[in-house]
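# Per-entry structural report
The residues making up each chain are set out below.
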Amino acid sequence: MNRLPENAVEISDGIFAVGPSLFLREHSVLVFGDVHVGYEEMLNREGFLIPRFHISEVLRIVGPVLDALSPATVVINGDLKHEFGTISDQEWRDTLKLLDFISSRASVVLVRGNHDTILGPVARKRGISVVESFVAGRNLLMHGHKLPDFSSDDFIKSERIIISHEHPSVTLSRGPRRERFKCFLKCAFKGKELVVLPSVNPLVEGSDIVSERPLSPFLSSYDDCELWVLSDDRQVLPFGLVSKLIEELRRMEN
């Protein structure tokens, strides 16, 4: 049985949030998503000149989690790369660097996201398959940009669905200071538990669950979701129901 790091927080039975990733202890599966390799190259083309630190920061985030948990399998739950129609030079280099880093420690599964339209050539260079979903026991892992086939055995037999895509975050205030934090959500979907992961991309904070509408078709509202906030030091903190947090934030503003 994998020994859990001190910052691991159980958000469901046997399911632990560790930094921006999720660990399925019974199956020794580590899940994270929305890496968006190539994002900073896109920003540079649009005139935003930022240093190229994205992949180094992702490795700095993911590396200690891999070392602490020693998972058998790592599932990258969609949007490994950013560009839709091309594979940029940076995406080639940095995607292969990340895959080599992970595959030296665990087997790798790539779930296809909406940005992964031409991920195949990169994956084939390392002999890694790209799949539409992944099953671990009663857990169905999908990117979350489209709904599953409700008549499929994978969906029918699942008790929990784990998605990315949403990039959930929440803006919190302390006096005049306002800061946005990534977060996990636990909701319900067609009688099953739905867990939503934050993006592992350090350059993107995400969509604010208080002021923005859901992106994923799995979600019509955030209100009935439970919320766990990821702090700057990668601690995972329970915040209760989103609807209660919204009430409290509005009360503080009045």
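Residues numbered from 1 in each chain as written. Predicted model: local features only at pLDDT ≥ 70, side-chain atom pairs only at ≥ 80, totals over all residues. Heavy atoms only, no water.

## Observations regarding the overall build of the chain
- Tallying secondary structure elements over the chain gives 6 helices and 16 strands in all.
- Classification of the 254 residues of the chain by burial places 56% in the buried group.
- Carbon together with sulfur atoms contributes 49% to the accessible area of the chain, which is approximately 11,800 Å² in total. (Helix = DSSP H or I, 4+ residues; strand = E, 2+ residues; numbered from the N terminus. Buried < 20%, exposed > 50% of the residue type's maximum accessible area, 1.4 Å probe, protein only. Areas by Shrake-Rupley, 256 points an atom, 1.4 Å probe, with all protein chains shown as cover.)

## A short note on the state of the cysteines
- Counted by the stated rule, this structure contains 1 disulfide.
- What pairs with cysteine 187 in a disulfide is cysteine 225, and their sulfur atoms sit 2.1 Å apart. Taking the sign of the S-S torsion, about 105° here, the bridge from cysteine 187 to cysteine 225 comes out right-handed. Taken together, the positions of cysteine 187 in strand 12 (residues 177-189) and cysteine 225 in the loop between strand 14 (207-208) and strand 15 (226-230) put the pair 38 residues apart, joining distant regions of the chain.
- Look at cysteine 225 and you get buried, because its relative accessible area is 2%.
- Its sulfur unpaired, cysteine 183 is 9.5 Å from the next cysteine sulfur, which belongs to cysteine 225.
- Cysteine 183 gets classed as buried once you look at its relative accessible area, which sits at 0%. (Disulfide = S-S within 2.5 Å.)

## Thoughts on the pattern of salt bridges
- Summed over all chains, the structure comprises 10 salt bridges.
- A salt bridge links arginine 126 to aspartate 100, with the nearest nitrogen and oxygen atoms 2.6 Å apart. Highlighted residues: arginine 126 in the loop between helix 4 (120-125) and strand 7 (130-131) and aspartate 100 in helix 3 (residues 89-103), separated in sequence by 26 residues.
- Taking the relative accessible area as the measure of exposure, aspartate 100 reaches 33% and is therefore partly exposed. (Salt bridge = Lys/Arg side-chain N within 4 Å of Asp/Glu carboxyl O.)

## Looking at the sheet that holds strand 2 (residues 15-18)
- Taken in spatial order, the 7 strands line up as 1-2-3-4-5-6-7 in an open sheet, and their pairing is mixed. Strand pairing shows two members of the sheet lacking a second neighbour, strand 1 (9-12) and strand 7, which therefore form its edges.
- Against the sheet, helix 2 (residues 54-69) engages strand 2, strand 3 (21-24), strand 4 (29-32) and strand 5 (73-77), with an angle of about 165° to strand 4.
- Seen against the sheet, helix 3 touches strand 4, strand 5 and strand 6 (107-111) and runs at an angle of roughly 135° to strand 6. (Pairing = 2+ DSSP bridges. Contact = heavy atoms within 4.5 Å. Axes fitted to C-alpha atoms, helices over the stretch in contact; angles between N-to-C directions.)

## As for the packing of helix 2 against helix 3
- Relative orientation of the contacting elements helix 2 and helix 3 amounts to 10°, with a least axis distance of 11 Å. What the angle tells us is that helix 2 and helix 3 run roughly parallel. Here Ile55, Val58, Leu59, Gly63 and Leu66 of helix 2 come into contact with helix 3, specifically with Asp94, Lys97, Leu98, Phe101 and Ile102.
- Among the residues making up the contact of helix 2 with helix 3, the classes are represented as 7 nonpolar, 1 polar and 2 charged. (Parallel < 35°, antiparallel > 145°, perpendicular 65-115°, else oblique. Nonpolar A, V, L, I, M, F, W, Y, C, P; charged D, E, K, R; others polar.)

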